[in-house]
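This is what each chain is made of:
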Amino acid sequence: MHTVWKGSISFGLVNIPVRMFTATEERDIRFRQLHKECHTPIKYAKMCPHCEREVDASEIVRGYEYEKGHFVMIDDSDLEAITPETRRAIEILDFVDLQEIDPIYFDKSYFLSPQETGEKAYALLRAAMEQSGKIAVAQVTMRNRQSLAVIRLYEHCIMLETIYYPDEVRPVSQVPALPEATVTLAENELKMATELIGNMTIPFEPAKYTDEYRSELQSLIEKKLEGQEITTAPTVARANVIDLMQALRESLETTAGQGASPVKLEPEATPAPPPAKAKPSKKRATSSKKEASPLTKTTTGTATSTSTSTTKTLRRKKATPV
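Reading guide: rules and limits
- Residues numbered from 1 in each chain as written.
- Predicted model: local features only at pLDDT ≥ 70, side-chain atom pairs only at ≥ 80, totals over all residues.
- Heavy atoms only, no water.
- Helix = DSSP H or I, 4+ residues; strand = E, 2+ residues; numbered from the N terminus.
- Buried < 20%, exposed > 50% of the residue type's maximum accessible area, 1.4 Å probe, protein only.
- Polar contact = N/O pair within 3.5 Å; in protein donor to acceptor, adjacent residues only side chain to side chain.
- Contact = heavy atoms within 4.5 Å.
- Pairing = 2+ DSSP bridges.
- Axes fitted to C-alpha atoms, helices over the stretch in contact; angles between N-to-C directions.
- Core = buried A, V, L, I, M, F, W, Y, C linked by side-chain atoms within 4.5 Å.
- 1 Å grid on protein atoms, 1.4 Å probe; cavity = no way out; pocket = protein on both sides within 12 Å on 5 of 7 lines; lining within 4 Å.
- Points joined across faces, edges and corners; volume = space filled by probe spheres on them.
- pLDDT = per-residue confidence, 0-100.

(A) View of the side chain of Thr 255. Here Thr 255 shows up in helix H5 (residues 244-255). By relative accessible area, Thr 255 is classed as buried at 8%. A polar contact of 3.2 Å, which involves the side chain of Thr 255, links it to the side chain of Asn 199. From its side chain, Thr 255 meets the backbone oxygen of Ser 251 in a polar contact 3.0 Å long. When near neighbours in sequence (up to four residues on either side) are disregarded, Thr 255 contacts Leu 196, Asn 199 and Met 200.

(B) Representation of the sheet that holds strand S9 (residues 135-142) within the structure. Taken in spatial order, the seven strands close into a barrel running S1-S2-S8-S11-S10-S9-S7, and their pairing is mixed. Put simply, the sheet's adjacent strands are angled 40° from each other on average, direction ignored. Of the pairings in the sheet, the one linking strand S10 (residues 145-154) to strand S11 (residues 157-163) comprises seven bridges and is antiparallel in character. When the bridges of S11 are listed, Leu 148 appears paired with Ile 163. Against the sheet, helix H2 (residues 119-132) contacts strand S1 (3-11), strand S2 (14-22), strand S7 (89-96), strand S8 (106-114), S9, S10 and S11, and its axis sits at roughly 75° relative to S10.

(C) The arrangement of the nonpolar core in detail. One finds Ile 9, Val 18, Met 20, Ile 90, Leu 112, Ile 151 and Leu 160 to be the most contacted residues of the largest nonpolar core, which totals 24 residues. For this core, the secondary structure elements donating two or more residues are S1, S2, S7, S8, H2, S9, S10 and S11. When near neighbours in sequence (up to four residues on either side) are disregarded, Leu 112 contacts Ile 9, Val 18, Arg 19, Met 20, Ile 90, Tyr 122, Cys 157, Ile 158 and Leu 160. Among the nonpolar cores identified, the runner-up in size contains eight residues, and Val 96, Phe 106, Leu 148 and Val 150 belong to it.

(D) Looking closely at unusual backbone geometry. The backbone of His 39 sits at a positive phi, close to 60°, despite the residue not being glycine. On the accessibility criterion, His 39 (58% relative accessible area) is exposed. A positive phi angle, near 55°, is found at Glu 52, a position not held by glycine. Inspection of the secondary structure assignment puts Glu 52 in the loop between strand S3 (47-48) and strand S4 (53-54). With relative accessibility at 68%, the residue Glu 52 sits in the exposed group.

(E) Seen up close, the layout of surface pockets. Reported here for the second largest pocket is a volume of approximately 160 Å³. Along the walls of the second largest pocket sit Asp 107, Lys 108, Tyr 110, Met 142, Arg 143, Arg 145, Ser 147, Thr 162, Ile 163, Tyr 164 and Glu 168, which together make up its complete lining. Mapped by element, the contributors of at least two residues to the lining of the second largest pocket are S8, S10 and S11. No other element matches S8, which puts three residues into the lining of the second largest pocket.

(F) Spotlight on the confidence of the model for the chain. Looking at the chain as a whole, the pLDDT averages 80, with 74% of positions reaching at least 70. Across the chain, element-level confidence peaks in S11 with a mean pLDDT of 97 and bottoms out in helix H6 (residues 283-291) with 45.

Here it is in structure tokens:
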């Protein structure tokens, strides 16, 4: 690992010399932008539109734009003058319980390891934190920026995690269209949602979760390198869920047997259907069907036509002299 910072943990009158290493890394597959005609990587030059030429790094200075087109110039000596004395120390301020800090405050994680003369003091702080179950709130200055941080244990390593200051966390009141906390919910729906959570609850196993998109993208790149044809995987059709209750029922059926015993749900009372209207008598139609010949079809129109034809034939026979 590459050392990103060297300093010490200031713990009362105790100083523990430590080195800092980045604890996490992004594994995204990144693309270069190429010129379509010749596939040459595009170069991003720093141009001055006023002088109409490329500017070297030595010609670039810092400026804060306080109004459109107006700047306050800041140089290295200005920053040095206000850099806190804690620039090479992780100063522990307080000890708190980890559960008291909401995860929204956590930013970046770093591993801390002792330098050559700090092994014993490092081990002492680690053991004391493990026994007390507390984590430390600290301040540290890195890259000319003072950060709030917490120091906690991760396995058998002391870890520093930078956290946001309170004024850097946006208030929930700014989030639009949030339902009120007092929204009335159907008892059956709440029971089913609770049971669904129970069915899907398991011990956390980080290795279970993978970045499927990154894996597919890596496979696509490898296939293209081998000259293989790329095909699109078929999309699995999902059932059209009509309402929330149906979605909950289908989810419970899918997850049944994965968690705790199911909650017994009482069906919600439904209003009785209105009484059906009395249908008109069909005796005459039934009589006509009985008089029809055995070859009469079952449709109403055909049965009526056949019955009429038979009546006319009987009348003609009576009118004919014997």
